[in-house]
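Next come the chains, spelled out residue by residue.
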Amino acid sequence: MAYQIYLFNSLTRKIEKFTPLEGKTVRMYSCGPTVYNYAHIGNMRSFLFADLLQRVLRVVGGYKVRWVMNITNIDDKTIRDSAFGSIAWLPEMGKQTDDPMQNLIKFTEFYRKAFLEDIQKLGINLNDFYKMPKATDYIPQMQELVKRIVEKGFGYIANGSVYFDVSKWRNYDIYGKLYHIDFEKFKEGSRIDADSYDKEEFSDFALWKAKKTGEPYWKFTLNGICCDGRPGWHLECSVMEREILGLPFDIHTGGVDLKFPHHEDEIAQSKAGYGIEPTAFWCHNEFLLVESKKMSKSLGNFFTLRDLLEKGIDPIDIRYLMFTVHYSTQLNFTFDGLNSARKARLRVQNYIYELFENKNETGIEPDIEKLRDLVFAELANDLQTPKAIAYLFEFLNEHPANNLSKSAVNRLVNFFEELNKIFNVWKIEPKPSETIQIPEEVIHLAEKRYQARKDKDYKLADKLREEILSKGFIVIDKKDGFELRPNEND
């Protein structure tokens, strides 16, 4: 059964009923990485949010999803760090040349591949993407959009660069639909060349940037004027959205930091050049903090996914942690919180293993359809993952796996298979058989405990159980003995 999806729309600032613009296919665009370095965990929250959303749309909403995520491989940062002699150049990228374009391609391709490796470790399936376009593959279309904007009077040329005229646009339409802009700080007539800038620097922004010495560039003549150079960052998404998904499409995702200037400029560019705004729904995820502070290399709390993997952290625990907090709430990343998330995830995983071990023909018959409805209704309601998880644990606590009937087990396994198409953090299968080396000392303690239980010396049995636990094992009582397992929650 499909559920009606409701999403918070940043454009209207309220939760709205979601319906695709055309048929049963959702066209969704996510702002992807700028490939000048390894993605950090703050970036990863945005990508995991988008992955969660498209999975909920498919599984809970019953839609097909055409998901596009762009790769920004030309901007200030990629040019700066790919430049000849840059300290950011790694030996693994090969040898630098005196050709800026070739250096840019080698540099960004290295980090594009690294990004794909990273997101797969986080449980994002590359097959779920319709396309992952690179900005440099759409340069002619970007030049065409610049021409359109200038022809319609909303762009102008200055020193070989082309700028969007915000003052003229404000006479035609609203500028500031996603983000409240203080127009008293608007610097009329001034221009910003940087791709990213502070909110206080708000003024006209670059659509196309004139070439500089030593930078890669594309030939471009506009109104008889040489404008050789490269696209502005904001322009890239406007073009790729239209070329791949068509305008308007259904949903645009990204972090709250992109509301202004990036997404605000997308809206203005698309409407000025194409005559239509890009999307019906804007969905933004909140920031990720580390130990209650904004990530910063100077504070020593800046982590890429690879940094965390080097610490022995399972990337699936990171994925699960991200879903324990609603996407619209700031997530405070701590190692204690990550450890708690790991224990919670393994609690569910062990429950699933226990379902497969259950050989009961008869037993309790809980209302699994009610559980499904409670969980999926929360996911349908603006992706309320914390509430969905709470309902799941409430059920697990009230219905031990070894008390369920065969029929209930089968229905519950089916539910977990469906749920895992969204969360993608568990294995829905019997526990893998493995040879576990159990120290003789631990076996001896378990035998003593078994005898203590037979003698009804439960105080001694409890003491021995704690001693076994302290050595990294748990003891499970069986009808005619006991079983020892490593303490996976340790």
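Rules of the game
- Residues numbered from 1 in each chain as written.
- Predicted model: local features only at pLDDT ≥ 70, side-chain atom pairs only at ≥ 80, totals over all residues.
- Heavy atoms only, no water.
- Helix = DSSP H or I, 4+ residues; strand = E, 2+ residues; numbered from the N terminus.
- Buried < 20%, exposed > 50% of the residue type's maximum accessible area, 1.4 Å probe, protein only.
- Contact = heavy atoms within 4.5 Å.
- Areas by Shrake-Rupley, 256 points an atom, 1.4 Å probe, with all protein chains shown as cover.
- Lys, Arg positive; Asp, Glu negative; His and termini not counted.
- Charge placed at Lys NZ, Arg CZ, Asp CG, Glu CD.
- Salt bridge = Lys/Arg side-chain N within 4 Å of Asp/Glu carboxyl O.
- Patch = residues over 30% accessible without salt bridge, like charges linked within 9 Å, V, L, I, M, F, W, Y side chains within 5 Å.
- Core = buried A, V, L, I, M, F, W, Y, C linked by side-chain atoms within 4.5 Å.
- 1 Å grid on protein atoms, 1.4 Å probe; cavity = no way out; pocket = protein on both sides within 12 Å on 5 of 7 lines; lining within 4 Å.
- Points joined across faces, edges and corners; volume = space filled by probe spheres on them.
- Nonpolar A, V, L, I, M, F, W, Y, C, P; charged D, E, K, R; others polar.
- Phe/Tyr/Trp six-rings, centres within 6.5 Å; stacked < 30°, edge-to-face > 60°.
- Lys NZ or Arg CZ within 6 Å of the ring centre and 35° of its normal.
- Pairing = 2+ DSSP bridges.
- Axes fitted to C-alpha atoms, helices over the stretch in contact; angles between N-to-C directions.
- Parallel < 35°, antiparallel > 145°, perpendicular 65-115°, else oblique.

Points about the overall build of the chain
Helix and strand content of the chain: 15 helices and 18 strands. Classification of the 490 residues of the chain by burial places 52% in the buried group. Pairs at least 24 residues apart make up 73% of the contacts formed inside the chain by residues separated by at least 6 positions. Element-wise, carbon and sulfur atoms account for 48% of the exposed surface of the chain, whose accessible area totals about 22,800 Å². Treating the 68 positive side-chain charges of the chain as one cloud and the 73 negative ones as another, the clouds have centres 1 Å apart.

A word on the pattern of salt bridges
Overall, the coordinates contain 28 salt bridges when judged by the stated rule. Of the charged contacts in the structure, one is a salt bridge between K406 and E361, with a shortest N-O distance of 4.0 Å. Highlighted residues: K406 in helix α13 (residues 406–423) and E361 in the loop between α10 (335–357) and α11 (368–380), separated in sequence by 45 residues. The partly exposed category is assigned to K406, whose relative accessible area is 43%. Several salt bridges share partner residues, and in doing so they unite D173, K177, K271 and E277 into one network.

Structural notes on the side chain of D250
Positionally, D250 belongs in strand β13 (residues 249–255). Excluding its chain neighbours within four sequence positions, the residues that come into contact with D250 are F18, T19, P20, L21, T25, V26, R27, T279, A280 and F281.

Details of a nonpolar patch on the surface
On the surface, a cluster of nonpolar side chains totalling about 250 Å² of accessible area is made up of Y6, F8 and I15. Locating F8 in the fold gives a position in strand β1 (residues 6–9).

Quick notes on the nonpolar core
Counting residues in each nonpolar core, the largest one holds 87 residues, and the members touching the most others are L57, I251, F376, L379, L412, F415 and F416. Per element, the largest residue contribution to this core is 11 residues, and it comes from helix α1 (residues 41–59). Excluding its chain neighbours within four sequence positions, the residues that come into contact with F416 are V348, Y351, I352, L355, L392, L396 and I428. In terms of nonpolar packing, the next biggest core, distinct from the first, is built from 42 residues, V68, W169, W218 and L245 among them.

As for empty space enclosed by the protein
Counted according to the given criterion, the structure contains 1 cavity of 30 Å³ or more. There is about 60 Å³ of room inside the largest cavity. Lining the largest cavity are R45, F49, L52, M322, F323, V325, Y327 and T385. Elements that contribute at least two residues to the lining of the largest cavity include exactly α1 and α9 (315–323). Considering only residue class, the lining of the largest cavity consists of 6 nonpolar, 1 polar and 1 charged.

A word on the packing of aromatic side chains
Here the structure, examined in full by the defined rule, presents 31 aromatic pairs. Note on W67 and F129: the rings are 4.0 Å apart at their centroids and 25° apart in plane angle, and the pair reads as stacked. Taken together, the positions of W67 in strand β4 (residues 64–69) and F129 in strand β5 (residues 129–131) put the pair 62 residues apart, joining distant regions of the chain. Aromatic pair F333 and F335: ring centres 5.6 Å apart, planes at 75°, arrangement edge-to-face. Under the relative-accessibility criterion, F333 is labelled buried at 0%. When its relative accessible area of 32% is taken as the criterion, F335 is described as partly exposed. Here the aromatic cluster, defined as three or more aromatic residues joined through ring pairs, consists of Y3, Y320, F323, Y351, F376, F415, F416, F423 and W426. R66 extends its terminal NZ or CZ atom over the ring of Y130, reaching a point 5.0 Å from the ring centre. When the ring centre of Y217 is taken as reference, the NZ or CZ atom of K211 above it lies at 4.3 Å.

Some remarks on the environment of P33
Examined against the element boundaries, P33 turns out to sit in the loop between β3 (25–30) and α1. The spacing of P33 and N73 is 40 residues in sequence and 8.6 Å in space, taken between C-alpha atoms. In this structure, P33 is in contact with F47, M69, N70, I71, T72 and F115, ignoring residues within four places of it in sequence.

Points about unusual backbone geometry
The omega torsion across L247 and P248 is -10°, close enough to zero to call that bond cis. Position of P248 relative to the elements: it lies in the loop between α6 (233–244) and β13. Positive phi outside glycine occurs at D382, with the angle close to 60°. Locating D382 in the fold gives a position in the loop between α11 and α12 (385–398).

So, the sheet that holds β13
If you trace the 5 strands from one edge of the open sheet to the other, you get β5-β4-β3-β13-β14, paired in parallel fashion. Bordering the open sheet on either side are β5 and β14 (279–285), each of which pairs with just one other strand. The average angle at which neighbouring strand axes cross in this sheet is 30°, direction not considered.

A few points about the environment of G246
By the element assignment, G246 lies in the loop between α6 and β13. Along the sequence, G246 and K212 sit 34 residues apart, while their C-alpha atoms lie 33 Å from each other. When sequence neighbours within four positions are dropped, the list of residues in contact with G246 reads R27 and E241.

What about the packing of α9 against α10?
Following both chains from N to C, one finds α9 and α10 inclined at 95°, their axes separated by 9 Å at the closest point. Taken as axis vectors, α9 and α10 run roughly perpendicular relative to one another. Residues I316, D317, I318, Y320 and L321 of α9 form the contact with α10, whose own contacting residues are G337, L338, A341, R342, A344 and R345. Broken down by class, the residue content of the contact of α9 with α10 amounts to 7 nonpolar, 1 polar and 3 charged.

Points about the layout of surface pockets
Gaps left between atoms are located by rolling a probe of water-molecule size over the structure's atoms. Of the voids in this model, the largest pocket is the one considered here, and its volume is about 1,500 Å³. Lining of the largest pocket is provided by 49 residues; of these, Y36, H40, N43, K77 and D257 occupy positions nearest its centre. If you tally residues by element for the lining of the largest pocket, the top one is α1, at 5 residues. Of the residues belonging to the lining of the largest pocket, the class tally is 21 nonpolar, 16 polar and 12 charged. Here the second largest pocket defines a volume of roughly 610 Å³. Taken together, 21 residues form the lining of the second largest pocket, with N350, E354, E357, I476 and R485 sitting closest to its centre. Mapped by element, the contributors of at least two residues to the lining of the second largest pocket are α10, β17 (473–478) and β18 (481–486). Considered class by class, the residues forming the lining of the second largest pocket number 6 nonpolar, 6 polar and 9 charged.

Everything listed here is a matter of geometry and, on its own, says nothing about what the molecule does.
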